[in-house]
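Structural characterization, general
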Amino acid sequence: MFLSAVLGFAYPFETFLFVYTVLGPLHYLTEISWLHERNYYTKGRFDYLYLVGATAVLTLANEKIIPGLPSFIPEWAAFSALGAALAFVVFKTAARWVLAVIFALVGFFIASASWFGIAFGIFLPTLIHVYIFTACFVLAGALKGRSKSGYLSLGVFALISLSFIFFHPAHTDYVVSQYTSNNYGTFQNDGNLSSPFMAVNYYFAKIFHITGFHLPAVSIAGDASYLNDYLYHNPAALALMSFIAFAYSYHYFNWFSKTSIIRWHEVPKSRLAIIVVIWLISVGLYLYNYSVGLRWLFFLSLAHVLLEFPLNQLTFIQIGRELKGRLVRSPDSK
């Protein structure tokens, strides 16, 4: 956790790109393998296919492989998968599929809301996944085991997170190289973003009213040079990037350090060999061309997010039960 914070403070953009490139693909592959061994924590044998289908729809829409689809389809697919995951972990009967369809219909009707795209299209597969869900896993483990070290870990996690908000590092000697900015992305004069990473910085800054990104999204065109200068030089924007780098780094480090608890490495040797080969190819593609690597792993990265939704829902349920047990005393304890 401290290593992630130090790296995030010192080299925000480089740390993010490194862990996303090197640790990210290995995390996707090993977690999907681990979830597969546990039937993705769903009640039905084939429930996970709904989540895979939602990932496919999201990918096809986002990559514009099928032209003419409504612009809200990617975030709608993510919302419907999250709702379906709740049905898949709660119900054993066919009612879970009925609820999955209901969630999909509800999402379709509310997808036009401005907040919907930001919440489910930008933050759910990124910061909510790597930061909020990670914090929930730590909290659930602490509550279940009544672990003081678990509570301490969560407290340190929160304090480090707050430090990025209240203490903006000057970064007086920190200069972002052209190679780094090209790979992370830039605002374009035509109003587009050269990388999906940029949307997280832009909307995160707007939500928390960080000065600099005060322009509406439709006003990016013509102001690209100002926005790029602010993103890569302003201390507040760099502090925000440091937080993003910390969130991603700790998310990956936490996963790979939990071999004795999660046991993600206990898989057949043949599967482990396939994972290593795909991982090496993925890292090689990133090094060859970062945008090619992103497109190659787009489906896989989203798949690991959506396939984790049932586990996320179970974690929320577990936290609720544990908190209820502490807040509501039984008759015998009176």
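Up top you'll find the structure we're talking about.
Summarised in this report is the structure supplied together with it. (Residues numbered from 1 in each chain as written. Predicted model: local features only at pLDDT ≥ 70, side-chain atom pairs only at ≥ 80, totals over all residues. Heavy atoms only, no water.)

Below, the discussion takes up the packing of helix H6 (residues 114–145) against helix H11 (residues 235–257). Direction vectors running N to C along H6 and H11 enclose 55°, while the axes themselves pass 9 Å from each other. In terms of orientation, H6 lies oblique with respect to H11. When the axes of H6 and H11 are compared, the crossing they make is left-handed. Each of Thr 126, Leu 127, His 129, Val 130, Tyr 131, Thr 134 and Val 138 in H6 lies in contact with H11, whose residues at this interface are Phe 243, Ile 244, Ala 247, Tyr 248, Tyr 250, His 251 and Asn 254. Residue classes in the contact of H6 with H11 are distributed as nine nonpolar, five polar and no charged. (Axes fitted to C-alpha atoms, helices over the stretch in contact; angles between N-to-C directions. Helix = DSSP H or I, 4+ residues; strand = E, 2+ residues; numbered from the N terminus. Parallel < 35°, antiparallel > 145°, perpendicular 65-115°, else oblique. Left-handed = near helix turned anticlockwise from the far one by under 90°. Contact = heavy atoms within 4.5 Å. Nonpolar A, V, L, I, M, F, W, Y, C, P; charged D, E, K, R; others polar.)

Moving on: the packing of aromatic side chains. Applying the stated rule across the entire model yields 40 aromatic pairs. Where Phe 88 meets Trp 97, the ring centres are 5.2 Å apart and the plane angle is 50°; that geometry is what we call tilted. The exposure class of Phe 88 is buried, given its relative accessible area of 0%. When the ring of Phe 157 is compared with that of Tyr 250, the centres are 5.4 Å apart and the planes differ by 40°; the resulting orientation is tilted. With Phe 157 in helix H7 (residues 148–166) and Tyr 250 in helix H11, this residue pair connects regions lying 93 residues apart in the sequence. According to the relative accessible area criterion, Phe 157 is buried, its value standing at 4%. (Phe/Tyr/Trp six-rings, centres within 6.5 Å; stacked < 30°, edge-to-face > 60°. Buried < 20%, exposed > 50% of the residue type's maximum accessible area, 1.4 Å probe, protein only.)

Below, the discussion takes up helix H3 (residues 48–62). Over its 15 residues, H3 runs 21 Å from end to end, which matches the ideal 21 Å to within 8%, given 1.5 Å per residue. For H3, every residue scored as buried is listed here: Tyr 48, Leu 51, Ala 54, Thr 55, Leu 58, Thr 59 and Ala 61. Tucked inside the fold, the buried residues of H3 contact helix H4 (73–90), helix H14 (290–307) and helix H15 (309–327). Just beyond H3, the residue with positive phi is Lys 64, at close to 55°. (Expected span 1.5 Å × (residues − 1).)

Glancing now at the pattern of salt bridges. Under the criterion given, the structure shown has three salt bridges. Residue Arg 271 is joined to Glu 37 by a salt bridge in which the shortest nitrogen-to-oxygen separation is 2.6 Å. You can see Arg 271 sitting in helix H13 (residues 269–288) and its partner Glu 37 sitting in helix H2 (residues 12–37), a full 234 residues away along the chain. The class for Arg 271 is partly exposed, based on a relative accessible area of 23%. Judged by its relative accessible area of 43%, Glu 37 is partly exposed. (Salt bridge = Lys/Arg side-chain N within 4 Å of Asp/Glu carboxyl O.)

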